[in-house]
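An overview of the molecular structure
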Amino acid sequence: MVTGGRGTVVAMAAWSTLNAAGVTLFLLLVLLRVSQAQTFFFPFRQPETCGHNQYFDISALSCVACGPNQRQDARGTVCVCLPGFQMISNNGGPDIICKKCPENMKGVTGDGWNCISCPGGLTAEGKCHCPTGHILVERDVNGTLLSQATCKLCEESENSFTIANALGNRCVQCEPTFINTSRSCVCSEPNILTGGLCFSSTGNFPPRMISAARYGDLGMSFTSEWFAEYLQSSAAACWVYANLTSCQALGNMCVMNMNSYDSTTFDACRLFQFIFENTAGLGTVHSVSFWRQNLPWLFYGDQLGLAPQVLSTTPLPTNFSFKGENQNTKLKFVAASYDVRGNFLKWQTLEGGVLQLCPDTETRLNAAYSFGTTYQQNCEIPISKILTDFPMPTFYDVYLEYTDENQHQYIWAVPVLNLNLQHNKIFVNQDSSSGKWLLTRRMFLVDALSGRENDLGSQPRLIRVATQISLSIRLVPNTKNGNIYPPLITVAYSDIDIKDPNSKSVKISFSVTYEMDQGEAHVQTDIALGVLGGLAVLLSLLKTAGWKRRIGSPMIDLQTVMKFLVYYAGDLANVFFIITVGTGLYWLIFFKAQKSVSVLLPMPAQEERFVTYVGCAFALKALQFLHKLISQITIDIFFIDWERPKGKVLKAVEGEGGVRSATVPVSIWRTYFVANEWNEIQTVRKINPLFQVLTVLFLLEVVGFKNLALMDSSSSLSRSPPSYIAPYSRILRYAVSTALWLVIGIIQIVFFAVFYERFIEDKIRQFVDLCCMSNISVFLLSHRCFGYYIHGRSVHGHADTNMEEMNMNLKREAENLCSQRGLIPNTDGQTFQIAISSQMRQQYDRIHETLTRKNGPARLLSSSGSTFEQSIKAYHTMNKFLGSFIDHVHKEMDYFIKDKLLLERILGMEFMEPMEKSIFYNDESYSFSSVLYYGNEATLLIYDLMFFCVVDLACQNFILASFLTYLQQEGQ
């Protein structure tokens with residue numbers, strides 16, 4: 001039994017295991033088939049596409065048939081009973097039951113739950129209908145349903161003055177203006193009915209009205225339904241009853257009409273002005289003469305010249321500072337907001353984008369009200385979104401909140417400059433002279449109401465959008481405490497014709513700018529330009545005089561004038577460079593480092609003069625660089641080979657069939673080698689151009705020095721990604737770029753002079769040593785009668801020798817066992833500035849002429865007929881002549897050696913003219929490098945810098961400027 005029981009248990013366990021496995025396999029197969037057959041799409045339906053006897057199921061998002069005796073309601077999302085049917089059950093949604101009313105009670109009560117007998121006809125919905133002035137009574141005072149509904153006439157007599165309400169279910173008191181005017185609920189002639197109000201025709205109110213909303217952009221004027229409905233009634237209620245809400249509504253209609261005023265028509269603003277002029281006895285609000293009691297403050301008067309007084313007479317009694325204990329960098333703007341009907345909505349701060357239509361994060365939106373931060377926001381918004389977000393306009397009176405010395409809070413009214421305002425059909429606010437402006441107070445963002453014709457519920461024909469809003473803040477001149485004048489809001493509206501709102505969009509911009517009077521800065525710049533420009537003229541005259549001496553020509557001719565202009569271009573480029581760098585550093589240091597605000601950055605329009613100066617500096621510096629380059633490639637240079645033949649060799653004579661002795665030829669390879677080295681050092685510079693560009697770019701883009709050029713008060717080198725990034729100032733970009741470029745360049749030059757040339761490599765001195773080791777001197781004429789001489793004559797007599805003898809010569813020289821290398825015995829002076837006499841130059845030209853002559857008549861050539869052989873002969877003649885000249889062989893063309901005077905070194909010219917003898921000036925500073933890039937590093941550094949800055953100012957891109965600068969450096 002025990003064994004059998006165990007077998008049964010085992011069998012049952014096995015069957016259970018197999019059963020579970022089968023069920024699992026079955027479920028997997030079912031799920032697999034379901035997953036293969038499952039879909040995730042269905043037909044797209046909208047409520048308006050459902051049939052009359054269908055409703056839109058908001059859960060299934062499809063059309064579902066209503067029950068019997070039912071139809072869809074007005075929204076289309078539920079079912080209601082057909083006319084003549086009462087509800088028996090209603091559990092919400094489509095779950096209702098309808099029952100037909102009996103023949104003697106065909107009407108349905110207002111709530112739809114009961115049937116009732118009607119005293120008159122029925123409405124389209126099957127409800128009882130009463131005549132005008134009557135109300136429908138369906139229940140007793142205790143709620144008991146009457147067997148038959150009755151129509152009660154509202155008592156319009158003097159005892160009650162009641163009339164049926166809009167729903168026709170209750171008697172309410174007549175509008176007070178009806179009672180006051182006609183002592184009844186009827187506004188009969190000759191009284192005036194407008195906007196649901198009744199006014200007497202015997203008053204002094206102007207009878208002529210217009211309700212055309214002028215839309216200046218599109219050049220069309222049409223009747224606005226809103227103006228036609230409410231303009232006259234609002235004006236009358238404001239004038240007759242001093243109704244505050246009506247006065248605000250009238251002011252809003254004037255603002256919707258762009259505050260435009262025309263003395264020939266009675267539009268909204270003309271009506272407002274009429275009431276303003278005829279209520280002078282009511283007094284003013286807060287002692288503001290433009291703010292009449294009961295009326296909104298819309299204008300700052302209509303007299304010319306008021307705008308400058310409002311904007312530039314009285315500073316705000318508060319201070320702004322970027323740093324320190326009294327730091328104050330927040331512009332606390334608040335606005336009193338009103339709806340279109342004149343109801344006061346609330347006080348609200350402008351933070352959070354109240355006046356900014358473009359969407360953005362709250363941090364970036366609020367950055368617009370950080371003092372000193374130039375703000376720019378641009379976007380493009382679909383018209384459909386504007387219509388959805390702004391069905392009704394909201395109006396704002398903007399104020400600046402501040403705290404006085406006694407910690408009392410005050411608000412200062414912020415004027416508005418509406419560029420669309422017309423005064424007697426003239427756009428006065430678009431004039432460049434502020435004396436012709438008419439300032440206003442109230443503004444709005446979107447008006448989609450006044451552009452509606454015939455029906456206020458229809459889509460507007462036109463909408464008006466504030467496409468450009470600019471908040472400008474002016475600093476008080478010569479302030480040291482950060483005082484400002486009242487801010488000015490400039491707004492420009494665009495009128496948009498609504499035809500296809502889903503396909504149209506509008507461009508929106510919002511900006512905050514800061515400005516100060518730049519007159520004093522311009523005067524100081526002009527003074528500096530005049531003084532430095534005068535000094536540049538004197539310096540250019542000195543350079544021209546020195547050049548005249550060096551070419552040996554006393555005549556002032558066209559070439560002299562052109563040379564003066566070229567020199568003056570280079571010196572004037574330096575003047576513009578100094579002024580622009582000084583100006584840029586001034587704004588960078590004094591704006592970013594100030595505590596109490598005393599200076600503000602120039603606006604983009606005010607930077608044009610500065611940009612012009614930068615362009616002039618670059619153009620003139622490019623001309624100077626081109627002049628230097630032409631001078632470098634047009635100098636005369638000759639390599640004097642002092643090597644002499646070491647003996648004679650036997651040489652076969654061609655054509656004679658014999659041999660004869662001849663001198664051993666001197667190798668030309670030493671001359672070629674020295675000439676090659678001269679070509680290589682022509683472009684040697686004291687800085688590494690690639691390192692210069694990459695380092696400056698690294699500091700600007702990676703370290704973040706470019707952030708110092710942002711038009712905000714922060715001196716931080718980093719900005720967090722969520723924060724607002726202000727636009728760049730071109731002046732600050734130039735200042736940061738030039739400062740970094742000059743600092744890196746000067747560091748490189750100092751490192752090159754102090755460390756690199758001393759301990760690693762000095763290519764200029766190495767070239768002089770190479771000349772001496774090669775037994776070759778360099779005779780260089782940069783001008784007709786002026787140049788340089790490098791004495792490379794070997795003290796060992798020969799340089800064309802083997803390695804052993806060369807090492808022996810170097811050892812003897814190191815141990816002072818031979819004479820020194822200098823031109824003068826027992827001296828080391830190997831480099832000289834030379835001023836040659838006219839006689840020596842003439843002899844040089846006679847020999848040089850045969851070298852430069854390319855072609856000529858065949859009969860003038862030598863018997864060999866080879867121009868090349870003539871060149872070789874001329875080369876040897878020049879080499880022999882210059883060598884003998886250096887050795888004082890030609891007494892009629894001799895020279896003497898002297899030191900230059902200190903004043904001669906400073907002025908860069910020679911006082912003594914080489915009349916009979918040439919003059920060699922000792923030159924320990926290796927000034928022959930002035931014909932190389934090496935000696936013109938300042939010019940090259942400034943030229944590269946100006947090229948970098950001009951490209952950056954043009955494209956606002958440091959990376960592109962660095963790339964193009966490097967390319968032009970490689971092309972030099």
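Residues numbered from 1 in each chain as written. Predicted model: local features only at pLDDT ≥ 70, side-chain atom pairs only at ≥ 80, totals over all residues. Heavy atoms only, no water.

A closer look at the overall build of the protein
Looking only at helices and strands, the protein has 21 helices and 37 strands in total. By principal-axis analysis of the C-alpha atoms, the protein measures approximately 155 × 120 × 65 Å. In the protein, which comprises 972 residues, the proportion classed as buried is 44%. Contacts in the protein between residues far apart in sequence, at least 24 positions, make up 63% of those at least 6 positions apart. (Helix = DSSP H or I, 4+ residues; strand = E, 2+ residues; numbered from the N terminus. Buried < 20%, exposed > 50% of the residue type's maximum accessible area, 1.4 Å probe, protein only. Contact = heavy atoms within 4.5 Å.)

Section: helix α15 (residues 763-774)
Here α15 contains 12 residues, and its C-alpha end-to-end distance of 16 Å stays within 8% of the 16 Å for a straight helix at 1.5 Å per residue. For α15, every residue scored as buried is listed here: I764, F767, V768, L770, C771, C772 and S774. Lining the buried residues of α15 we find α12 (669-681), β33 (776-781), β34 (786-790) and β35 (831-835). (Expected span 1.5 Å × (residues − 1).)

A few points about the state of the cysteines
Taken as a whole, this structure holds 11 disulfides when the rule is applied. Residue pairing for C130: its cysteine sulfur links by disulfide to C151, the two sulfurs lying 2.0 Å apart. The sign of the S-S torsion, about -80°, decides the handedness of the disulfide formed by C130 and C151: left-handed. Taken together, the residues C130 in the loop between β8 (115-116) and β9 (134-139) and C151 in strand β10 (residues 145-153) connect sequence positions 21 residues apart. Looking at C771, it has no disulfide partner, and the nearest cysteine sulfur is the one in C772, 8.6 Å off. With relative accessibility at 0%, the residue C771 sits in the buried group. (Disulfide = S-S within 2.5 Å.)

Focus: helix α18 (residues 867-886)
Its 20 residues give α18 an end-to-end C-alpha distance of 28 Å, which sits within 8% of 28 Å, the value for a rise of 1.5 Å per residue. Every buried residue of α18 is accounted for by Q870, A874, Y875, M878, N879, F881, L882, G883, S884, F885 and I886. Just downstream of α18 lies H888, where phi reads positive at about 60°.

Here's the deal with the sheet that holds strand β36 (residues 895-898)
Strand order in this open sheet of six strands is β30-β33-β34-β35-β37-β36, and the pairing throughout is mixed. The open sheet has two free edges, formed respectively by β30 (636-641) and β36, since each of these has just one partner strand. This sheet shows a mean twist of 25° between the axes of neighbouring strands, independent of strand direction. The sheet contact formed by β36 and strand β37 (residues 918-922) spans four bridges and is parallel. Bridge pairing in β37 links I897 to F920. Across the face of the sheet, α12 comes into contact with β30 and β33 while running at roughly 145° to β30. Sitting on the sheet, α15 touches β33, β34 and β35, and the angle it makes with β33 is about 125°. (Pairing = 2+ DSSP bridges. Axes fitted to C-alpha atoms, helices over the stretch in contact; angles between N-to-C directions.)

Remarks on a nonpolar patch on the surface
Nonpolar side chains collect at one region of the surface, where L539, L542, L901, L902, L903, I906, L907 and F911 lie side by side and expose about 720 Å² of accessible area between them. Those elements giving two or more residues to the nonpolar patch turn out to be α9 (519-551) and α19 (902-907). At four residues, the largest contribution of residues to the nonpolar patch is made by α19. (Patch = residues over 30% accessible without salt bridge, like charges linked within 9 Å, V, L, I, M, F, W, Y side chains within 5 Å. Areas by Shrake-Rupley, 256 points an atom, 1.4 Å probe, with all protein chains shown as cover. Salt bridge = Lys/Arg side-chain N within 4 Å of Asp/Glu carboxyl O.)

Focus on the packing of helix α20 (residues 937-955) against helix α21 (residues 958-970)
Two quantities define a packed helix pair, namely the angle between the helix axes and the distance between the axes. In the contact formed by α20 and α21, the axes pass within 8 Å of each other and the chain directions differ by 145°. The chirality of how α20 crosses α21 is right-handed. Where α20 approaches α21, its residues Y943, D944, F947, F948, V951, D952 and C955 are matched on the opposing element by F958, L960, A961, S962, L964, T965, Q968 and Q969. Considered class by class, the residues forming the contact of α20 with α21 number nine nonpolar, four polar and two charged. (Left-handed = near helix turned anticlockwise from the far one by under 90°. Nonpolar A, V, L, I, M, F, W, Y, C, P; charged D, E, K, R; others polar.)

Overview of the side chain of S472
Along the chain, the position of S472 falls in strand β27 (residues 462-474). When its relative accessible area of 13% is taken as the criterion, S472 is described as buried. Excluding its chain neighbours within four sequence positions, the residues that come into contact with S472 are P487, L488, T513 and E515.

Here's the deal with the pattern of salt bridges
The tally for this structure, following the rule as stated, stands at 29 salt bridges. Residue D111 is joined to R139 by a salt bridge in which the shortest nitrogen-to-oxygen separation is 3.5 Å. Highlighted residues: D111 in the loop between β7 (107-108) and β8 and R139 in strand β9, separated in sequence by 28 residues. Judged by relative accessible area, D111 falls into the partly exposed class, the value being 41%. The partly exposed category is assigned to R139, whose relative accessible area is 33%.

So, the UniProt feature "transmembrane region" (unreviewed entry) in the protein
UniProt records the feature "transmembrane region" (unreviewed entry) for residues 565-590 and 731-756 in the present numbering. Structurally, residues 565-590 is divided into 100% helix and 0% strand, and its ends, taken at the C-alpha atoms, are 36 Å apart. For residues 731-756, helix accounts for 100% and strand for 0%, while the C-alpha atoms at its two ends are 35 Å apart. (UniProt positions renumbered as here; feature names shortened; annotations may be inferred.)

Quick look at the pairing of β37
Extensive coverage of β37 is indicated by the burial of four of its five residues. Of the pairings in the sheet, the one linking β35 to β37 comprises four bridges and is antiparallel in character. Paired with I834 across the two strands is F920, which belongs to β37.

Side note on unusual backbone geometry
Positive phi is not limited to glycine here, since N69 has a value of about 65°. Along the chain, N69 turns up in the loop between β2 (62-65) and β3 (70-72). Among the residues examined, N69 registers a relative accessible area of 33% and is labelled partly exposed. At S287, a residue that is not glycine, the phi angle is positive and equals roughly 60°. Summarising the element assignment, S287 is placed in the loop between β17 (284-285) and β18 (288-292).

Focus: the environment of W297
Checked against the element boundaries, W297 lands in the loop between β18 and α6 (306-312). The sequence separation of W297 and T440 amounts to 143 residues, and the corresponding C-alpha distance is 8.3 Å. Non-local contacts of W297, meaning those with residues more than four positions away in its chain, are made with V288, F290, W291, A413 and R441. Engagement of the side chain of W297 in a polar contact is seen with the backbone oxygen of F299, the distance being 2.8 Å. (Polar contact = N/O pair within 3.5 Å; in protein donor to acceptor, adjacent residues only side chain to side chain.)

A short note on the nonpolar core
Counting residues in each nonpolar core, the largest one holds 132 residues, and the members touching the most others are F333, L355, F371, V398 and M443. V684, V778, I919 and L932 belong to the second-largest nonpolar core, a separate cluster that totals 26 residues. (Core = buried A, V, L, I, M, F, W, Y, C linked by side-chain atoms within 4.5 Å.)

Concerning the packing of aromatic side chains
Aromatic ring pairs are reported here in terms of the distance separating the ring centres and the angle at which the planes meet. Taken as a whole and assessed by the stated rule, the structure comprises 46 aromatic pairs. Taking 5.2 Å as the distance between ring centres and 75° as the angle between the ring planes, the aromatic pair formed by Y586 and W587 counts as edge-to-face. Stacked on the ring of Y921, the Lys or Arg K900 has its end atom at 5.6 Å from the ring centre. (Phe/Tyr/Trp six-rings, centres within 6.5 Å; stacked < 30°, edge-to-face > 60°. Lys NZ or Arg CZ within 6 Å of the ring centre and 35° of its normal.)

A few points about the environment of M443
As for its position among the elements, M443 is in strand β25 (residues 442-444). On a C-alpha basis, the gap between M443 and E815 in space is 94 Å, while along the polypeptide they are 372 residues apart.

Some thoughts on the side chain of Q72
Note on placement: Q72 falls in strand β3. The class of Q72 is buried, set by a relative accessible area of 17%. At a separation of 3.2 Å, a polar atom in the side chain of Q72 contacts the main-chain carbonyl oxygen of G51. Among the polar contacts listed, one links the side chain of Q72 to the backbone oxygen of Q54, at a separation of 2.7 Å.

Description of the packing of helix α10 (residues 558-592) against helix α14 (residues 730-759)
Contact geometry for α10 and α14: axes closest at 8 Å, N-to-C directions at 110°. Put simply, α10 runs roughly perpendicular to α14. In this structure, α10 contributes F577, T580, V581, G584, L585, W587, L588 and K592 to the contact, and α14 contributes I731, L732, Y734, A735, V736, T738, A739 and L742. Within the contact of α10 with α14, the residues separate by chemical class into 12 nonpolar, three polar and one charged. (Parallel < 35°, antiparallel > 145°, perpendicular 65-115°, else oblique.)

A look at the confidence of the model for the protein
Here the protein averages 86 in pLDDT, and 90% of its residues register 70 or above. Low pLDDT, under 50, characterises residues 1-18; the predicted model gives this stretch zero contacts beyond four residues in sequence or across chains. For residues 854-865, every residue scores under 50 in pLDDT, and the model assigns this stretch five contacts once sequence neighbours within four places are set aside. (pLDDT = per-residue confidence, 0-100.)

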